Amino acid sequence: MKKNKKDFELKDFVKSVDKVMQKQEKESPAIKQVHARLSPEWNRVSEKIGRLLALQDENEIAPLREEVVSHGEIAARVLLDLFFTIKNQAK
């Protein structure tokens, strides 16, 4: 049974967008970086890394570092983005 426009809900839209994004990532792996940058998690990890850079006390650094690490791939992407930004500015 096909849904009419009225029955199309937000969750259906989200599923549809996710499916398109996954297809794009398979066709062009570099698009994963673009999608990652658009995620709310990117901003949360970036903020944590910014706080880490300002800290000096290892007792404060250690738990925050573990929070960043817990974000897995997105944390690696944010850190690599920061690395390349610094590298490009150093030129």
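Cut-offs and rules
- Residues numbered from 1 in each chain as written.
- Predicted model: local features only at pLDDT ≥ 70, side-chain atom pairs only at ≥ 80, totals over all residues.
- Heavy atoms only, no water.
- Phe/Tyr/Trp six-rings, centres within 6.5 Å; stacked < 30°, edge-to-face > 60°.
- Buried < 20%, exposed > 50% of the residue type's maximum accessible area, 1.4 Å probe, protein only.
- Salt bridge = Lys/Arg side-chain N within 4 Å of Asp/Glu carboxyl O.
- Helix = DSSP H or I, 4+ residues; strand = E, 2+ residues; numbered from the N terminus.
- pLDDT = per-residue confidence, 0-100.

Caption draft 1: Structural detail: the packing of aromatic side chains. All told, the structure shown has 1 aromatic pair when counted by the stated rule. On the basis of an interplanar angle of 75 degrees and a centroid distance of 5.1 Å, the ring pair of phenylalanine 83 and phenylalanine 84 is categorised as edge-to-face. By relative accessible area, phenylalanine 83 is classed as partly exposed at 47%. Judged by its relative accessible area of 42%, phenylalanine 84 falls in the partly exposed class.

Caption draft 2: Region of interest: the pattern of salt bridges. This structure, assessed with the given rule, holds 6 salt bridges. Between glutamate 27 and lysine 23 there is a salt bridge whose closest N-O contact spans 3.2 Å. Of this pair, glutamate 27 and lysine 23 are both found in helix 1 (residues 10-27), 4 residues apart, which corresponds to roughly one turn of the helix. Notably, a salt bridge pairs arginine 77 with glutamate 73, separated by 2.9 Å at the nearest N-O pair. Of this pair, arginine 77 and glutamate 73 both sit in helix 5 (residues 73-90), separated by 4 residues, roughly a single helical turn.

Caption draft 3: Region of the structure containing the confidence of the model for the protein chain. On average, the protein chain scores 89 in pLDDT, and the residues at 70 or more come to 92%. Within the protein chain, helix 1 has the poorest average pLDDT of any element, 85, and helix 4 (residues 58-69) the best, 97.

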